[in-house]
Amino acid sequence: MSSTPLSDVPGPDAIVAVPVRNEEERIVACLKAIDGQEGPGAERIGVVLFLNNCTDGTEALVSALVPTLSIPVRVRIENFSGAHAGWARRRAMDAAAAWLGDAGNAGIILSTDADSRVPPDWVARNRAAIEAGADAVAGRVELDAAEAALLPPSLPARGRLEDTYDALITEAEARIDPDPHDPWPCHRTAIGATLAVTRRAYCAVGGMPEIPLGEDGAFIARLLEHGLRVRHATDVCVTISARLAGRAPGGVADTIRSRCEEPDALCDARMETFPRSVRRYLWRRRFRRMHGLGALAGSDGWARAIGIAPAEARRIASLPLGQAIAEAERASPRLAYRPIGPRQLPGQIRIARVGVVAIRLGLGLVGIAQRVAGAAASGRAVSDPRGSRI
């Protein structure tokens, strides 16, 4: 079904793709938020709803709501026994790409979830980042405040610690190994509830990975490996559900529930100890410079240092930069991620606060980080390079 005869639909240049499964309680709020977009280009927005395997009243609600919206909507309905999150998001975004393709190889595909609510300037902010030079934009998310208040207090408390530490290591990364297309301040969230990508970039990387879990993060990684410009925009933020019973296995709801059940579950993979994180970022910076100079193929010292065999090193050296970095980190046993647990977060935050000050001042990065780590481990007070005590 479609809200308007396709021949009468104007040619939007920004299509929001929404995979939908059994969302009768939330789809109305989701669609009204998209319909309420403001700012430049708000009149050029379209929506693709991909209803898959719905067994509740979602389809009937959508049928009644779509004709009342001010934006053109295309609805696709499919039932598939092998459905999963990556498949559904891929189908929704492919339909958006096809719609844009009707007017040529241009436009923006945006992704959000049926249980999310985007702010009124969501499309405008994504559009602005792309007009500034990004090929894709990854936004941030916040839990619905009313729903989050019903969670065990330990869970939001852990979330705040993780957010604090993530911001610190992200700043360290952005300053040590800067990406001119993604300068500090930035973040490292990659979630399907707030993604935007040009149609050209989407097609260039073969679309959304059709995998059961983590398709959003894999998509961002694929873009970076292809040398495309990804902006992790701090001013793009979407409200997501804090429910414990989700629709996609391994999604946000499963993560929240598992952390309620296992309070000591490890943090995300990139949350390593601060000294280890700093060493990783320094390695990337050196690797990037060697790649730019064409020096990787002429020396195997870099490969020996991270435990990569000569034949594999030669293969990696021949790859484009983004792929080379990703392949080196996958191949190296010494660059395997070693995430910390929640009990380590307070100590690592103290270390990182001092380390980030050192990085801002351009001091000896690894030495400072290791000195601070040793002091923290022994329980001594730690002084930052400006003389204050942490």
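Here the structure is shown first, and the text comes after it.
Predicted model, so just to flag it, every value in this text is computed and none were measured.

A. Layout of the nonpolar core. Formed by 37 residues in total, the largest nonpolar core has its most connected members in Val16, Val18, Val47 and Leu49. Sorting the residues of this core by element identifies β1 (14-20), α1 (27-35), β2 (45-52), α2 (58-65), β3 (73-78), β4 (108-111), α4 (122-131) and β7 (230-240) as the ones contributing at least two each. Element by element, the count of residues in this core is highest for α1, at five residues. Core analysis: the second largest hydrophobic core is formed by 27 residues, Val48, Ala88, Ala97 and Val230 among them.

B. Quick look at the pairing of strand β6 (residues 195-198). Both faces of β6 are covered, namely the face carrying Leu195 and Val197 and the face carrying Ala196 and Thr198. Both β4 and β6 contribute to a ladder of four bridges, which runs antiparallel. Pairing of Ile109 across the sheet is with Val197, part of β6. Note: strand β5 (residues 136-143) against β6, three bridges, orientation antiparallel. Residue pairing in the sheet places Val137 in a bridge with Ala196 of β6.

C. Local environment of the packing of aromatic side chains. Considering all chains together, one arrives at five aromatic pairs under this definition. Pairing Trp283 with Phe287 gives two aromatic rings, centres 5.0 Å apart and planes at 35°, and the pair type is tilted. In this pair, Trp283 and Phe287 are both assigned in helix α10 (residues 274-293), four residues apart and thus about one turn of the helix distant. Judged by relative accessible area, which is 2%, Phe287 ranks as buried. With 5.4 Å between their ring centres and 75° between their planes, Phe287 and Trp302 make a pair best called edge-to-face. Here the residue Phe287 occupies a position in helix α10, and Trp302 occupies one in helix α11 (residues 301-305), the gap between them amounting to 15 residues. Both residues of the pair, Phe287 and Trp302, belong to the buried class. Grouped by ring-pair contacts, the aromatic residues Phe50, Phe80 and Trp87 constitute a single cluster. Over the ring of Tyr337 we find Arg280, and its NZ or CZ is 3.8 Å from the ring centre.

D. Structural view of α4. Here α4 lies mainly inside the structure; seven of its ten residues are buried. For α4, every residue scored as buried is listed here: Trp122, Val123, Ala124, Asn126, Arg127, Ala129 and Ile130. Looking at the packing, one finds that the buried side of α4 touches β1, β2, β4, β5, β6 and β7. In the segment just after α4, Gly133 is the residue with positive phi, at about 125°.

E. Seen up close, α1. Residues of α1 that are buried: Ile27, Cys30, Leu31, Ala33 and Ile34. For α1, the buried positions fall inside an angular range of 160° around the axis, keeping them on one side. Where the residues of α1 are buried, they touch β1, β2 and α2.

F. Just the pattern of salt bridges, in detail. Enumeration over the complete set of coordinates arrives at 33 salt bridges. Here Asp121 and Arg125 are joined by a salt bridge, their closest N and O atoms 2.5 Å apart. What makes Arg125 partly exposed here is its relative accessible area of 33%. Salt bridges sharing common partners tie together Asp166, Glu173, Asp182, Arg188, Arg231, Arg270, Glu272, Arg276, Arg280, Arg284 and Glu329.

G. A look at the sheet that holds β6. Read from one edge to the other, the open sheet built from seven strands follows the order β3-β2-β1-β4-β6-β5-β7, with strand pairing classed as mixed. Either end of the sheet is taken by a strand with one partner, and the two such strands are β3 and β7. Across the sheet, the axes of successive neighbouring strands diverge by a mean angle of 20°, strand direction being ignored. Against the sheet, α2 touches β1, β2 and β3, its axis set at about 160° to β2. The strands that helix α8 (residues 215-225) touches are β5, β6 and β7; relative to β6, the one it contacts most, it runs at about 35°.

H. Inspection of the packing of helix α6 (residues 154-176) against helix α14 (residues 345-360) at higher detail. Contact geometry for α6 and α14: axes closest at 9 Å, N-to-C directions at 25°. Taken together, the axis directions place α6 and α14 in an arrangement best described as roughly parallel. Judged by the twist between their axes, the crossing of α6 over α14 is left-handed. Within the contact between the two elements, α6 uses Leu161, Glu162, Thr164, Tyr165, Leu168, Glu171, Ala172, Arg175 and Ile176 and α14 uses Leu345, Pro346, Gln348, Ile349, Ala352, Arg353, Val356, Ile359 and Arg360. For the contact of α6 with α14, the residue count by class is eleven nonpolar, two polar and five charged.

What counts, and at which threshold
Residues numbered from 1 in each chain as written. Predicted model: local features only at pLDDT ≥ 70, side-chain atom pairs only at ≥ 80, totals over all residues. Heavy atoms only, no water. Core = buried A, V, L, I, M, F, W, Y, C linked by side-chain atoms within 4.5 Å. Buried < 20%, exposed > 50% of the residue type's maximum accessible area, 1.4 Å probe, protein only. Helix = DSSP H or I, 4+ residues; strand = E, 2+ residues; numbered from the N terminus. Pairing = 2+ DSSP bridges. Phe/Tyr/Trp six-rings, centres within 6.5 Å; stacked < 30°, edge-to-face > 60°. Lys NZ or Arg CZ within 6 Å of the ring centre and 35° of its normal. Contact = heavy atoms within 4.5 Å. Arc of directions from axis to C-beta. Salt bridge = Lys/Arg side-chain N within 4 Å of Asp/Glu carboxyl O. Axes fitted to C-alpha atoms, helices over the stretch in contact; angles between N-to-C directions. Parallel < 35°, antiparallel > 145°, perpendicular 65-115°, else oblique. Left-handed = near helix turned anticlockwise from the far one by under 90°. Nonpolar A, V, L, I, M, F, W, Y, C, P; charged D, E, K, R; others polar.

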